[in-house]
2 protein chains.
Amino acid sequence: MNISLEQINNASPDQAHELLAGLYEHSPWIAEQALKARPFKSLSALKLAMTAVLRQASHAEKMALIKAHPLLADKAAQVLSTESSSEQYSAGLTQCTPQELAQLQQLNADYQERFSFPFILAVRGPRGSGQSKEKIIATFKRRVQNHPDFEFEENLRNIHRIVELRLNDKFGMQPNLGNNVWDWHEAMSQYSDPGYAEQGLLTVTYLTDAHRACTNFIATTMNDCGFDSVNIDAVGNVVGLYLGADESAPRLLTGSHYDTVRNGGKYDGRLGIFVPMACVRQLSLAGVRLPFGIEVVGFAEEEGQRYKATFLGSGALTGDFKPEWLEQKDSDGISMHQAMQQAGLKSEEIVAIQRDAKNYLGFVEVHVEQGPVLNALDLPLGIVTSINGQVRYLCEITGLASHAGTTPMASRRDAAAASAEVLLYVEKRAAENLGCVATIGMLTVPNGSINVVPGRCQFSLDLRAPIDAQRDALENDVLAELKAICARRGLQYTFEMTVKVDAAPSAPDWQQRWENAVTAIGVTPYAMNSGAGHDAMKLHKIMPQAMLFVRGENAGISHNPLESSTSDDIQLAIEAFSNLIHQTAQDRS
Amino acid sequence: MNISLEQINNASPDQAHELLAGLYEHSPWIAEQALKARPFKSLSALKLAMTAVLRQASHAEKMALIKAHPLLADKAAQVLSTESSSEQYSAGLTQCTPQELAQLQQLNADYQERFSFPFILAVRGPRGSGQSKEKIIATFKRRVQNHPDFEFEENLRNIHRIVELRLNDKFGMQPNLGNNVWDWHEAMSQYSDPGYAEQGLLTVTYLTDAHRACTNFIATTMNDCGFDSVNIDAVGNVVGLYLGADESAPRLLTGSHYDTVRNGGKYDGRLGIFVPMACVRQLSLAGVRLPFGIEVVGFAEEEGQRYKATFLGSGALTGDFKPEWLEQKDSDGISMHQAMQQAGLKSEEIVAIQRDAKNYLGFVEVHVEQGPVLNALDLPLGIVTSINGQVRYLCEITGLASHAGTTPMASRRDAAAASAEVLLYVEKRAAENLGCVATIGMLTVPNGSINVVPGRCQFSLDLRAPIDAQRDALENDVLAELKAICARRGLQYTFEMTVKVDAAPSAPDWQQRWENAVTAIGVTPYAMNSGAGHDAMKLHKIMPQAMLFVRGENAGISHNPLESSTSDDIQLAIEAFSNLIHQTAQDRS
């Protein structure tokens, strides 16, 4: 018998406690305190209320909760709560071979020794179904390497996830839309470029066979969703149009990219195509026509992996597709022009797909956060206030290579030592200025030898800030410090700017709609800037835009096979998107 | 008509000034002040007295001297002193093509703009003969890149060198022995391994054809010098024996290695073979037999370039040749054993060439400094007090690779930033402890990307100190700091020791003989430790040893084609070596 939200909201305290019994392992106080925040607007609101209670608890209380959990697959543990043993059963962990059991027990021992608390994992997967034993063991092996502070928090996050799954069961409220969209991601991730597909790794670069298979998958799925028209345009974008009540009314543009980086994740980009598709399917099933059309675009290219150019898909819509890019060659010598011909795309028609802003209300984009912020805050969604401006440099410091044994410290012209100073300055400078991030991601002493004082050191600079003026100040300070360090050490340096992109602040009215939408589904709206570039940055040039971020698990890792989302979070994104279009409809009616 | 040292020492001040007129360009005050130190023990003593005067002069006086020099090849300069114009003539600089002249004038302009003083170069080469126009232009191009402080001092050094050559002419005292030994170096440098020989670069690795040609060159030259026996031993060392009056008396062992690093210099190692050979030739020509024999060894291998093992030559004499090394393979898959067979060496006889210390008085070694100290002090020779102990590590710091745009500064686990902290600590720690040197020569973020926070960073550590306890303290401090930095930043690290060698302090009596010898030829003795490892370090294990260092030009650069010495400095090394063996003879008689 399922519980309803109404029951919880209307029950006496004792009754309510009884209804929520067994959620947090041996720790009923969390639900008890959370219930003080009744009434709850949604199941999500209840879940978030409980995470908030734990967040405000003392370190000792958190530790006690963690330590109340049984060791994973520890057959000797006789105190498994009913929920925990059934979940471990569903993951097959009670059916381990003796070898697997020995491996898990060794991992348990290693983990316990390193952290002095048990390893906790939501053994049901992101969609809520069982994870394989192999995947659980791989996660265990990875996590035993982490920092203790991180593991402490990661255990708490897994505890919340376990509770979320238990609550879904108690309420009989499964994230069905989220599950469907999660399944689309899984289905499309079967297509991967040669060399990666064989290893089960995801790589979809512009106009490869795998890429074309994705194009078709999106187009077919759009047709199934009930779009009025689905087209593949001259650059390879898949464009689905769901007409409004007035076919000539301005449209809401949305979408994201379906190409990936090499060895990337399943959600980067694609979530922003599939979430609006799920909403359109709901509209179509209900036969609803809004006062505006919805145009969902699966952008063919954003990541710049096969060719040097990036944002080919969204750039084509804003008139930023440069004809000279067609002459660029991939690593096999195939030009972009040739690749397009082979794919049946007419590059001469790209110019015609440029959009006229007056035909659109604006552009909204859903995207995985690709960062650790929401994950660390236990929040499923974030409202983007601005896409950071950025500037990138490749730098080289030149000193004098000399014998490591015979050159006194005071006589050295050490290019690596100067670069180290620059790196630590960059780190400190960005940390002092809220919203800035600055990174030296490439660092190398070319042909360095163990016994030679570095005569050269090459490094990259990646500087970002939510406002252009802030980025420019960061840039000026870093370059001035580079100059000062080299002058003081008697070194020379060169630098070459490779990228400069202006910040794209969100349009206030669209940002407000996202905030309203998130609030409406019972989630605390959290405003944040986007450190990564997105297709919305391109559309920003011609129309208002605003983005919604969805939490990534595993500290928000992205551009990596560990990139992950849950069907519960995806469900919330769909609900928020749906709310946003209905708000827009009200505003326009 | 040549001047004699006696004339200078006995002349009235005015006469003496007259005799030394025109040495320093338009700056007679240097010679005038130096003459106050009369009488001079040697021409070197006079030269050093003048460098000492300039060393104590004010920056303004030094600058005035530099600015008194004409622009190189500036035809417009009408104030060339007689000496300067004849030197420029001998380098062919007055016969430049219009293109060459334009290039020189551009370099003059660039140099003048960068430093605000003229470029000064001793256009007669290290042997005193003319340098080619091409070489002068190459040096000019290189030096215009240097730091202003360095160029200021480098100009002064070139001025002293110009004066040294002028004094040699005035006194009719050419460094004939130095010239001969200089010529041997040139002759032997014609042999170089494939891939380098074609480019005119010097690379002689163990048992290649070029290496075997060097073996033969040394053996033939030893025979010409009048050694009583010359043998090539089982490891490829060339052993020349000059018997003492009593053939069974203990011998003085000396020598150095004749292999090179890849793309190395002509003097590293070889100077320590050729200098004693020149002395033996003098003894043989004069028919002198000492109360002890002299055994000069050209060690076949020291640098560890073809195989991983190092010090194969000297190690074989001390019982340190490990039989398992014979199985090591070079990059072409040829084992050391095979290479020896092809060269006609019998590896099974290596064990028999181990020396018994009781048959030897000790080991002395002459070597280029391979560092900037003597060059910076204007001293041709240095007395080694100890060969530094060293320890080397390969380290890796592991953090978490994450998105450079989306990972807030406070959430990062940046392996490169931690490595930068380690680097700056290493630099600071070594600088605070006299005699220590510490270097991170290899530094890289493997597969780093401009937009990814480094998840891994690899670096090397090379830590050296003249005393073992000092090296151990340095090592402990650096490893403790590595641990502390990683703990603070939540990172993990690994390190692997690859080399640990104890310090080899010089035997006091042999060090004293070198000091006496250097003093006797009118050169200020300068005590210094050796930062680099040398064959003497190996012999140290079984007998007393002490080394003499010879200044290198170009800031003492070594393991580089720019490694350089002059025949004047080589002459002084020969004179010092000769003095040392005669002191030893006196001590033994």
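Every value quoted in this text rests on a predicted model; they were computed, and no experiment measured them. (Residues numbered from 1 in each chain as written. Chains lettered and ligands numbered in written order. Predicted model: local features only at pLDDT ≥ 70, side-chain atom pairs only at ≥ 80, totals over all residues. Heavy atoms only, no water.)

Student: Honestly, the overall build of chain A in this entry has me stumped. Any pointers?
Tutor: Looking only at helices and strands, one finds 20 helices and 16 strands in chain A. Relative to the 2.2 N^0.38 estimate, which gives 25 Å for 589 residues, the radius of gyration of chain A is 26 Å and therefore close to what a compact globule would have. In terms of its C-alpha atoms, chain A occupies a principal-axis envelope of roughly 75 × 70 × 45 Å. Burial status across chain A gives 59% buried among its 589 residues. For chain A, long-range pairs separated by at least 24 residues make up 78% of all intrachain contacts whose partners lie at least 6 apart in sequence. Approximately 22700 Å² of chain A is accessible, and the part contributed by carbon and sulfur atoms is 50%. For chain A, the separation between the mean place of its 51 positive charges and that of its 68 negative charges on side chains is 3 Å. (Helix = DSSP H or I, 4+ residues; strand = E, 2+ residues; numbered from the N terminus. Rg over C-alpha atoms; globule rule 2.2 N^0.38 Å. Buried < 20%, exposed > 50% of the residue type's maximum accessible area, 1.4 Å probe, protein only. Contact = heavy atoms within 4.5 Å. Areas by Shrake-Rupley, 256 points an atom, 1.4 Å probe, with all protein chains shown as cover. Lys, Arg positive; Asp, Glu negative; His and termini not counted. Charge placed at Lys NZ, Arg CZ, Asp CG, Glu CD.)

Student: So what exactly am I meant to see when it comes to the interface of chain A and chain B here?
Tutor: Frequently, the measure chosen for interface size is the accessible area removed from exposure when the parts meet. If you look at the interface, chain A gives 63 residues, while chain B gives 64 residues. Area buried by chain A at its contact with chain B is led by M409, L443 and I450 of chain A, which between them contribute 15% of it. Summed over the shared surface of chain A and chain B, the result is 2 salt bridges. Its salt-bridge partner being R489 of chain A, residue E427 of chain B comes within 2.7 Å of it at the nearest N-O pair. In this assembly, chain A and chain B are joined by 11 residue pairs in polar contact (both at pLDDT 80 or more). Those elements that provide at least two residues to the side of chain A that touches chain B are β7 (389–398), α16 (415–431), β9 (437–439), β10 (443–444), β11 (452–453), β12 (456–465), α17 (468–489) and β13 (492–501) of chain A. Looking at the side of chain A that touches chain B element by element, the count peaks at 9 residues for α16 of chain A. Broken down by class, the residue content of the side of chain A that touches chain B amounts to 32 nonpolar, 21 polar and 10 charged. (Buried area = accessible area lost by both parts, 1.4 Å probe. Salt bridge = Lys/Arg side-chain N within 4 Å of Asp/Glu carboxyl O. Polar contact = N/O pair within 3.5 Å; in protein donor to acceptor, adjacent residues only side chain to side chain. Nonpolar A, V, L, I, M, F, W, Y, C, P; charged D, E, K, R; others polar.)

Student: What should I look at first to understand the packing of aromatic side chains in this one?
Tutor: How two aromatic rings sit relative to each other is set out by the distance from centre to centre and by the angle between their planes. A full pass over the atoms with the stated rule returns 28 aromatic pairs over all chains. Taken together through their ring pairs, the aromatic side chains of Y111, F115, F117, F119, F140 and F152 of chain A make up a single cluster. Lying over the aromatic face of W510 of chain A, R513 of chain A brings its terminal NZ or CZ to 4.3 Å of the ring centre. In this structure, R289 of chain B packs its charged tip against the face of Y242 of chain B, placed 4.2 Å from the ring centre. (Phe/Tyr/Trp six-rings, centres within 6.5 Å; stacked < 30°, edge-to-face > 60°. Lys NZ or Arg CZ within 6 Å of the ring centre and 35° of its normal.)

Student: What am I meant to see in the domain arrangement of chain A here?
Tutor: All names here are of chain A. Along its sequence, chain A is carved into domain 1 (5–171), domain 2 (181–385 + 505–588) and domain 3 (389–501). Its C-alpha centre places domain 1 at a distance of 33 Å from the equivalent point of domain 2. The interface of domain 1 with domain 2 comprises 19 residues on the first partner and 24 residues on the second. Sorting the residues of domain 1 by area buried against domain 2 places L48, P126 and R127 first, and these three jointly supply 33% of that buried surface. (Domains from an automatic or database assignment.)

Student: What's the story with helix α10 (residues 176–188) of chain A in this structure? I'm lost.
Tutor: In an α-helix, one turn spans 3.6 residues, which is why side chains three or four residues apart end up on the same side. Under the 1.5 Å per step criterion, the end-to-end length of α10 of chain A is 18 Å for 13 residues, consistent within 8% with the ideal 18 Å. Within the sequence span of α10 of chain A, burial applies to L177, G178, N179, V181, W182, W184, H185 and M188 of chain A. (Expected span 1.5 Å × (residues − 1).)

Student: Sorry, what's going on with the pairing of strand β5 (residues 360–368) of chain A here?
Tutor: Residues and elements named next belong to chain A. By the criterion of burial, β5 is predominantly enclosed, with 9 of the 9 residues buried. Pairing of strand β3 (residues 251–257) with β5 involves 4 bridges; the strand directions are parallel. Looking at the pairing, L252 lines up with G362 of β5. Bridge count for β5 against strand β16 (residues 545–550) is 6 bridges, and the pairing is parallel. What sits directly across from V368, in β16, is V550. (Pairing = 2+ DSSP bridges.)

Student: Where do I start with the relation of the copies chain A and chain B in this structure?
Tutor: Each of the two chain copies can be brought onto the other by rotation about an axis and movement along it. Between chain A and chain B, the superposition needs a rotation of 180° and an axial shift of 0.1 Å, giving an RMSD of 0.1 Å. Taken together, the rotation angle and the small translation identify this as a two-fold axis. When you check the interface residues of chain A against chain B, 100% turn up at the interface there too, and the contact is symmetric in its surfaces. (Least-squares fit on C-alpha atoms with pLDDT ≥ 70 in both.)

Student: So what exactly am I meant to see when it comes to the packing of helix α10 (residues 176–188) of chain B against helix α20 (residues 567–588) of chain B here?
Tutor: Angle between the axes and distance between the axes: these two values describe a pair of packed helices. Residues and elements named next belong to chain B. Taken N-terminus to C-terminus, the directions of α10 and α20 make an angle of 110°; their axes are 7 Å apart at the nearest point. One way to sum up the angle between α10 and α20 is to call them roughly perpendicular. Facing N176, L177, G178, N179, V181 and W182 of α10, the residues of α20 in contact are S567, I570, Q571 and I574. Split into classes, the residues belonging to the contact of α10 with α20 amount to 5 nonpolar, 5 polar and no charged. (Axes fitted to C-alpha atoms, helices over the stretch in contact; angles between N-to-C directions. Parallel < 35°, antiparallel > 145°, perpendicular 65-115°, else oblique.)

Student: Any chance you could explain the UniProt feature "domain: Peptidase M20 dimerisation" (unreviewed entry) in chain A here in plain terms?
Tutor: According to UniProt, the feature "domain: Peptidase M20 dimerisation" (unreviewed entry) maps to residues 388–486 of chain A in the numbering used here. Helix makes up 36% of residues 388–486 of chain A and strand 29%, whereas the separation of the span's terminal C-alpha atoms amounts to 29 Å. (UniProt positions renumbered as here; feature names shortened; annotations may be inferred.)

Student: Help me understand the packing of helix α4 (residues 43–56) of chain B against helix α9 (residues 148–171) of chain B in this model?
Tutor: All names here are of chain B. Relative orientation of the contacting elements α4 and α9 amounts to 150°, with a least axis distance of 11 Å. Comparing their axes, α9 and α4 come out roughly antiparallel. In terms of crossing hand, the pair formed by α4 and α9 is right-handed. Contact with α4, carried on its side by L43, L46, K47, M50, T51 and L54, involves L156, H160, V163, E164, L167, N168 and F171 of α9 and no other residues of that element. For the contact of α4 with α9, a count of residues per class yields 8 nonpolar, 3 polar and 2 charged. (Left-handed = near helix turned anticlockwise from the far one by under 90°.)

Student: Got a minute to help me understand the side chain of R429 of chain A in this structure?
Tutor: Here R429 of chain A lies in helix α16. Not counting the four nearest positions on each side in its chain, R429 of chain A is found in contact with A473, L474 and D477 of chain A.

Student: Sorry if this is basic, but what is going on with the environment of K322 of chain B here?
Tutor: All names here are of chain B. For K322, the location among the structural elements is in the loop between α13 (312–317) and α14 (336–342). Residue K322 is classed as partly exposed on the basis of its relative accessible area, which comes to 40%. For the pair formed by K322 and I350, sequence separation is 28 residues and the distance between their alpha carbons is 9.8 Å.

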